Every structure is written in structure tokens, then in C-alpha cells.
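Take a look at the letters that make up each chain.
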Amino acid sequence: MILEFTSGNFLSFKEKNSISFDISGIKGAEENVYIDPSIESDIKLLKSISIYGSNASGKTNFLKAFSFMKHWVLNSFLESNRVVEIPVTPFLLREGYIDKPTYFEVIFFAENVKYRYGFELTSDKIENEWLYYSEHKKREQNFFFRTEQGIKYNNAWKKSMSTKIDPIISYVRPRVLFASVLAQFNIPIGIKIIDWFNKNLLGFDYNSDYHINKTASLLSDDEYYLAIHELINGASLGFESVNTTSIGRYRQNEKFGQDFLEFALTDDLDEYLIETKHDVYNAENKLIKKVMFDLKKNESEGTQKFFALAGALLTAIKNKQILWVDELDSKFHPFLFETIIKFFNSNKFNHRGAQLIFTTHSTQLLKEKILRRDQIYTTSKNKYGESSLLGMHTAKIRIDSSHEKEYFAGNIGHLEKVDFGKIQLDLFGEPVNKKK
């Protein structure tokens, strides 16, 4: 489970900004909070966090920050030999920041232990890297701390190892993370870090063929088959069942920019024909037969997205994973979107502790107070192009006030208002009267 994520000097985020799943003593909607029975403490974590904000305010960039962190943890050992530079993009709108390191840190729980792992890097090298841990009611201790001068590590950890650490350090190149090297040599703590990052599922476009085929691949599993069909029926999409047929290997033909990090879509996958079963009625409204629709060709984009998202939601819930979704509400009716969030926050369905981070423009959740105040973050961008995050629970607003009204009033971060009426240019001139 994730407790906190922080990033700075990345894309539009000049300074360090964080989201936290710690409930911080705030009361309300207890069903939205998960207490992990395996963590022997009173720590309570939120099941989901939303990020609101104007267009181009930085919502997606914050998800991209974690996406990059995950990518370099999993791949720096292999990619450092074939790339000239680390593919990181710092804040470019302030002189001097292109040469400053970009910052990433995540705090998470794994097997009753809290870990704090992070690093700072430029396009040329890793400048700092650290890993700390703390067991229940014990002081935080370090596994290692890396600087340009070298790597210092915990002697107790060194003595407990069956493998010698010093020879492994020789494989740590300027662009390679020490955590990645540890995993390559099957060092338990390195494997644990890799495993945790692999439990984070990121989706920037759930209408893509990739995600649709991913859900289709789950239907061969009886548990997923039943669960996916339950969700489809509950969403009232106009059909009750789905048939899938593998028609070959899936080949990535969608073009994503570098910012969307193509490495997220590299696993082997089949291409599926996905058919939805619909009823056909005669003139007297009597059911006479069934007809099959090709989901990718004949169903709406909202239906396609729901099908694709259903697989990701259920995978996260079943395996206690963390799901990051950009513009989760897009192409969904507000009531369906609200139902999806209630579903994920419920104790009935999400009782294993899966977590969700999503960006959205829909204020339906604010209007109905579906989310707690500590589940609501906003992004805003100032005139210098700098994005910042603000948690509603840290804003100076009344507890009983309307979340939606406070958001539109700009009291939960700055909300940029758009007014084309200010445009002074006469775009096309005065209308010309045609001669008869």
C-alpha cells in the first residue's frame, strides 16, 4: 500500500509536491478508509485520492511523475547501457532548473514494514538515492544512502546478507539505480522494491485497444468472468454478456508521445474479437433472437472504456494493487462515474486494501460529498507556469461547506476561469452584404 508520493522539478512541477493517503485525524466516510490487519499499528490509509484542476494545470503531469519513477526503478539497469541520457524532463520555465536534479520519493508498506525510497537525478546521472525502513513502533533506519561520493549502507544489513554487497556496488553506474542493481542480483530488499512498484498499475488512456484486450484476456479466468459480467450488468450498458475470441497477437499500433511512456504497454498480449450480446424484438416488442455486436466497432466509447476499466479495477482489488488513472470520468455519465468511485471505496467490494489515484473534472463527487476532504486534491498553475498541489483538508474552509462551491470559488487552489469575451480581435471583420 502507498502512504505518500512526492516529486519536484518534473515537467510543470518546479517545487516538491506531495499526495498523502494518511487520514491525518480527519473524520468522515469511514468506509473510504482501510485498516490493514497485517500492519500492527493504528495507521489508517485512504482507499482513493482524486486530483482536480483546470486544463493544463498539471494533473496528468503528477501521474507522469510516478510513471517515470516506476519506469526507471524497473528498467535503469538494462536501459542505462542503450540510452545516451536518462529520459527525464525537469521544469523548463525557470532559468537554471534544467541543470537541477529531479526529485522522487515514495513511502509505502510491504509485509508489516514501512519503507521510504527515493532518488534525485539529472539526464546525466543519479545524484542521490536512499532507502529507509521502520518497523512498528521502532525508529526509522537506513538500508543505504547514495551520493556522488559513494554508497553508505547499514552494517547490520551487510552482516545479515549471504551475498557480499561490495562486489555488487561495482555494477552501479552513474545512470543506474542501486535498487535496480540489487534486484538484478536477487538481493531480497531489491526484489521487494521491484515487486512493490510492479503492484502499481498506470493507465493514461483506457479507451486504447491495449486496455480493452487486457480485460478480454481476463475473461478466461472464472472469477474474473463472473466479476466482469456483474459489473457490466450493474452498469446497464444495454447488453448482459460478452464473448471473446483470440485472433492473434496484439501489436501496438497506437502512437503515444514520450510523455505517455510507451514502456507501460510492453507485455505480451493477444488481440481479441470482443462481442456483446443484444436482444432483438419484433413489432409487438417480443424477444425473437440475439445479435452480436463488435465491441470495438459498434459500442460507444464510454462502453469500451468501462469494459477496459473493469479489468483494471478488478485486478487491483483482487491483488491489493494501486491503480493510477488519468481523467477517470471522461466518456462516463456522472452517475456511472459516481458509482465506480463508490464501488472502489466500499468495504463490500474493496476489502483487501486496493488504492486508487485518479484525475477528474467531474464535480459530481464534490456535490454529493462522495469523497472525504482528505481525498480531494487540486492542481493550479501560476503565471510563471509552475504547478502546485493543494489538499482540501489543508485549505482554510468551513468543514460543513459545499465542496463543489468551494472548488468553483477557487478556495481549494486557484481555478482558472476562461472568458472568450475578453478577446478584442475582430477575427473575420464586418459581414459583407452581397450585391443582388
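So, here's what we can say about the structure.

Scoring rules and cut-offs
Residues numbered from 1 in each chain as written. Predicted model: local features only at pLDDT ≥ 70, side-chain atom pairs only at ≥ 80, totals over all residues. Heavy atoms only, no water. Buried < 20%, exposed > 50% of the residue type's maximum accessible area, 1.4 Å probe, protein only. Helix = DSSP H or I, 4+ residues; strand = E, 2+ residues; numbered from the N terminus. Pairing = 2+ DSSP bridges. Core = buried A, V, L, I, M, F, W, Y, C linked by side-chain atoms within 4.5 Å. Contact = heavy atoms within 4.5 Å. Expected span 1.5 Å × (residues − 1). Arc of directions from axis to C-beta. Salt bridge = Lys/Arg side-chain N within 4 Å of Asp/Glu carboxyl O. Phe/Tyr/Trp six-rings, centres within 6.5 Å; stacked < 30°, edge-to-face > 60°.

**A look at the pairing of strand β17 (residues 376-381)**
- Burial analysis of β17 places 5 of its 6 residues in the buried class, which makes it a mostly covered element.
- Inspection of the sheet shows strand β5 (residues 48-53) paired to β17 by 4 bridges, in the parallel sense. Bridge pairing in β17 places S50 opposite I376.
- Bridging between β17 and strand β18 (residues 387-391) involves 5 bridges; their strand directions are antiparallel.

**Examining the nonpolar core**
- F5, Y117, F144, W157 and F178 are the most contacted members of the largest nonpolar core, which totals 70 residues.
- Among the elements that line this core, the one with the most residues is helix α1 (residues 59-79), at 8 residues.
- Setting aside anything within four residues of it in sequence, one finds W157 in contact with F143, F144, I165, F178, L182, I187 and I189.
- Among the nonpolar cores identified, the runner-up in size contains 51 residues, and A216, Y224, V242 and L314 belong to it.

**A few points about helix α9 (residues 301-319)**
- Compared with an ideal rise of 1.5 Å per residue, which puts 19 residues at 27 Å, α9 spans 27 Å between its outermost C-alpha atoms and is within 8% of the ideal.
- Among the residues trailing α9, K320 stands out with phi positive, at a value near 55°.

**Focus: helix α5 (residues 188-198)**
- If you check which residues of α5 are buried, you get I189, G190, I193, I194, W196 and F197. Along the axis of α5, the buried residues cluster in a sector spanning 160°; they form a single face.

**Notes on unusual backbone geometry**
- One non-glycine residue, E111, adopts positive backbone phi at about 55°.
- Secondary-structure assignment places E111 in the loop between β6 (102-110) and β7 (113-121).
- In this structure E111 comes out as exposed when scored by relative accessible area, which is 66%.

**Notes on the pattern of salt bridges**
- Under the counting rule described, the total for this entry stands at 17 salt bridges.
- Of the charged contacts in the structure, one is a salt bridge between E140 and R116, with a shortest N-O distance of 2.9 Å. With E140 in the loop between β8 (126-134) and β9 (141-147) and R116 in strand β7, this pair connects stretches of sequence that are 24 residues apart.
- The exposure class of E140 is partly exposed, given its relative accessible area of 34%.
- Here R116 falls in the partly exposed class, since its relative accessible area comes to 21%.
- Its salt-bridge partner being E223, residue K318 comes within 3.0 Å of it at the nearest N-O pair. You can see K318 sitting in helix α9 and its partner E223 sitting in helix α7 (residues 222-234), a full 95 residues away along the chain.
- What you see here is one network of salt bridges that share partners, running through E30, R372 and D374.

**As for the environment of P37**
- Topologically, P37 is positioned in the loop between β3 (33-34) and β4 (45-46).
- C-alpha of P37 to C-alpha of G353: the two residues are 316 residues apart in sequence and 10.0 Å apart in space.

**Observations regarding the packing of aromatic side chains**
- Inspection of the entire model under this criterion finds 31 aromatic pairs.
- Note on F66 and W324: the rings are 4.2 Å apart at their centroids and 10° apart in plane angle, and the pair reads as stacked. Residue F66 is located in helix α1, and its partner W324 is located in strand β15 (residues 322-325); the two are separated by 258 residues in the primary sequence. Each member of the pair, F66 as well as W324, is classed as buried.
- With a centroid separation of 6.3 Å and an interplanar angle of 85°, the aromatic rings of Y153 and W157 are classed as edge-to-face.
- Owing to a relative accessible area of 7%, W157 belongs among the buried residues under this scheme.

These figures capture arrangement, not role.
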